[in-house]
Amino acid sequence: MNLDEYISNHSDAEPEYLAKINRATHVKLINPRMCSGHLQGRVLSMFCRMIQPNRILELGTFTGYSALCMAEALPEGGVLHTIECDDELEDFILQNFAGSEYADKIQLHIGDALTEIEKLNETFDLVFIDADKREYLDYYEAVLPKLRCGGYILADNTLWDGKVLKTVEPNDKQTIEIMRFNDFVATDPRVEKVILPLRDGLTLIRKK
Ligand SMILES: C[S@@+](CC[C@H](N)C(=O)[O-])C[C@H]1O[C@@H](n2cnc3c(N)ncnc32)[C@H](O)[C@@H]1O
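Our subject in this report is the structure included herewith. (Residues numbered from 1 in each chain as written. Predicted model: local features only at pLDDT ≥ 70, side-chain atom pairs only at ≥ 80, totals over all residues. Heavy atoms only, no water.)

## Looking at the site of the ligand
- Close contacts around the ligand come from 22 residues, with Ser36, Gly60, Ser66, Glu84 and Asp130 the closest.
- At 2.9 Å, a backbone N or O of Ala113 approaches a nitrogen atom of the ligand.
- Tyr139 has a polar side-chain atom sitting 3.5 Å from a nitrogen atom of the ligand.
- In isolation the ligand has 600 Å² of accessible area, and contact with the protein removes 91% of it.
- Only helix H4 (65–71) and strand E2 (79–84) provide two or more residues apiece to the shell around the ligand.
- Residue composition of the shell around the ligand, by class: 11 nonpolar, 5 polar and 6 charged. (Near = heavy atom within 4 Å. Polar contact = N/O pair within 3.5 Å; in protein donor to acceptor, adjacent residues only side chain to side chain. Areas by Shrake-Rupley, 256 points an atom, 1.4 Å probe, with all protein chains shown as cover. Helix = DSSP H or I, 4+ residues; strand = E, 2+ residues; numbered from the N terminus. Nonpolar A, V, L, I, M, F, W, Y, C, P; charged D, E, K, R; others polar.)

Structure, rendered in structure tokens:
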């Protein structure tokens, strides 16, 4: 048994309907690694139980796995908005939401994240940034005014497979922009922040 298996075996099990989505994601889609999966899913769910958000925004739905993990903790009347630019995923995402208890709490927006954020007239308690790595800093500036003071941003993949420590190729826009995001957030006085070395790096940011 390796350490990852040990951690999984000693954490809450992956709910069966999420395991099905995880399996279907691996069978049907290229890049199934983008799906949060068991451990990160349980972490997102636990954070939501701790933060107790009423309004959640997610950037980058993919197959809906992380949205469902966060929606688990939403109270009656709570809403999660999730934005995905790939319209070919729409039917699969909606089918996954429909197969859960949380479909009525989730609103899917198909479109570009920066465009769709502008249209949302909400104040959020929690934002999960997980869309285009080249746009993280733009997402951050777009969502910060819509986040309540004391609210949280979680940004995924901020260690980017360890590439943040290596010499960057000039055309590797994703690594360059993740590093720019990390450098900016690290010195931004408007927020408190800490990077967790979970999976591919998860930055927790609290608006002061
Ligand atoms: C890493 S996946 C999201 C994984 C999902 N949050 C999870 O944890 O299971 C990133 C998703 O962001 C979407 N995406 C990329 N650029 C985007 C953009 N500009 N606007 C909205 N979605 C975008 C991609 O199509 C992809 O489905």
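## Here we look at helix H7 (residues 136–143)
- Burial within H7 is extensive, with 6 of its 8 residues counted as buried.
- Every buried residue belonging to H7 is among Tyr136, Leu137, Tyr139, Tyr140, Ala142 and Val143, and all of these are buried. (Buried < 20%, exposed > 50% of the residue type's maximum accessible area, 1.4 Å probe, protein only.)

## Description of the sheet that holds strand E4 (residues 124–129)
- Pairing within the open sheet is mixed, and its 7 strands lie in the order E3-E2-E1-E4-E5-E7-E6. Looking at strand neighbours, the two that pair on one side only are strand E3 (106–110) and strand E6 (191–196), the edges of this open sheet. Each adjacent strand pair in this sheet contributes to an overall mean axis angle of 15 degrees, direction not counted.
- Bridge count between E2 and E3: 5 bridges; the pairing is parallel. The residue of E3 that forms the bridge with Thr82 is Leu108.
- Sitting on the sheet, helix H3 (residues 37–51) touches strand E1 (55–59), E4, strand E5 (147–156), E6 and strand E7 (202–207), and the angle it makes with E4 is about 165 degrees.
- Packed onto the sheet, helix H5 (residues 90–98) meets E2 and E3 and runs at close to 180 degrees relative to E3. (Pairing = 2+ DSSP bridges. Axes fitted to C-alpha atoms, helices over the stretch in contact; angles between N-to-C directions. Contact = heavy atoms within 4.5 Å.)

## A look at the packing of aromatic side chains
- Applying the stated criterion to the full structure yields 5 aromatic pairs.
- For the pair Tyr136 and Phe181, a centre-to-centre distance of 5.4 Å together with 85 degrees between the ring planes defines the contact as edge-to-face. Taken together, the residues span a long stretch of sequence, with Tyr136 in helix H7 and Phe181 in helix H8 (residues 173–186) at a distance of 45 residues.
- Residue Phe181 is classed as buried on the basis of its relative accessible area, which comes to 0%.
- The interplanar angle of 85 degrees and the centroid separation of 5.7 Å between the aromatic rings of Tyr140 and Phe181 together place this pair among those described as edge-to-face. One end of the pair, Tyr140, is in helix H7; the other, Phe181, is in helix H8, and 41 residues separate them in sequence. (Phe/Tyr/Trp six-rings, centres within 6.5 Å; stacked < 30°, edge-to-face > 60°.)

## Examining the nonpolar core
- Core analysis: the largest hydrophobic core is formed by 31 residues, its most contacted members being Met70, Leu154 and Leu202.
- Looking at this core, the elements that each hand over two or more residues are helix H2 (16–28), H3, H4, H5, E3, E4 and E7.
- A per-element tally of this core places H4 first, with 6 residues.
- Every residue in contact with Met70, bar those within four places of it in the chain, is listed here: Leu44, Cys48, Ile56, Glu58, Leu80, Leu126 and Phe128.
- Residues Leu120, Ile153, Phe181 and Ile205 belong to the second largest nonpolar core, which totals 26 residues. (Core = buried A, V, L, I, M, F, W, Y, C linked by side-chain atoms within 4.5 Å.)

## Concerning the pattern of salt bridges
- This structure, assessed with the given rule, holds 13 salt bridges.
- Arg190 is the partner of Asp188 in a salt bridge, and the nearest nitrogen-oxygen pair spans 2.8 Å.
- Among the residues examined, Asp188 registers a relative accessible area of 4% and is labelled buried.
- Among the residues examined, Arg190 registers a relative accessible area of 36% and is labelled partly exposed. (Salt bridge = Lys/Arg side-chain N within 4 Å of Asp/Glu carboxyl O.)

## Examining the packing of H7 against H8
- At their nearest, the axes of H7 and H8 sit 8 Å apart, and the two run at 40 degrees to each other. Classed by the angle they form, the pair H7 and H8 counts as oblique. Across the interface between the two elements, Tyr136, Leu137, Tyr140 and Glu141 from H7 touch Ile178, Arg180, Phe181, Phe184 and Val185 from H8.
- When grouped by side-chain class, the residues that make up the contact of H7 with H8 number 7 nonpolar, no polar and 2 charged. (Parallel < 35°, antiparallel > 145°, perpendicular 65-115°, else oblique.)

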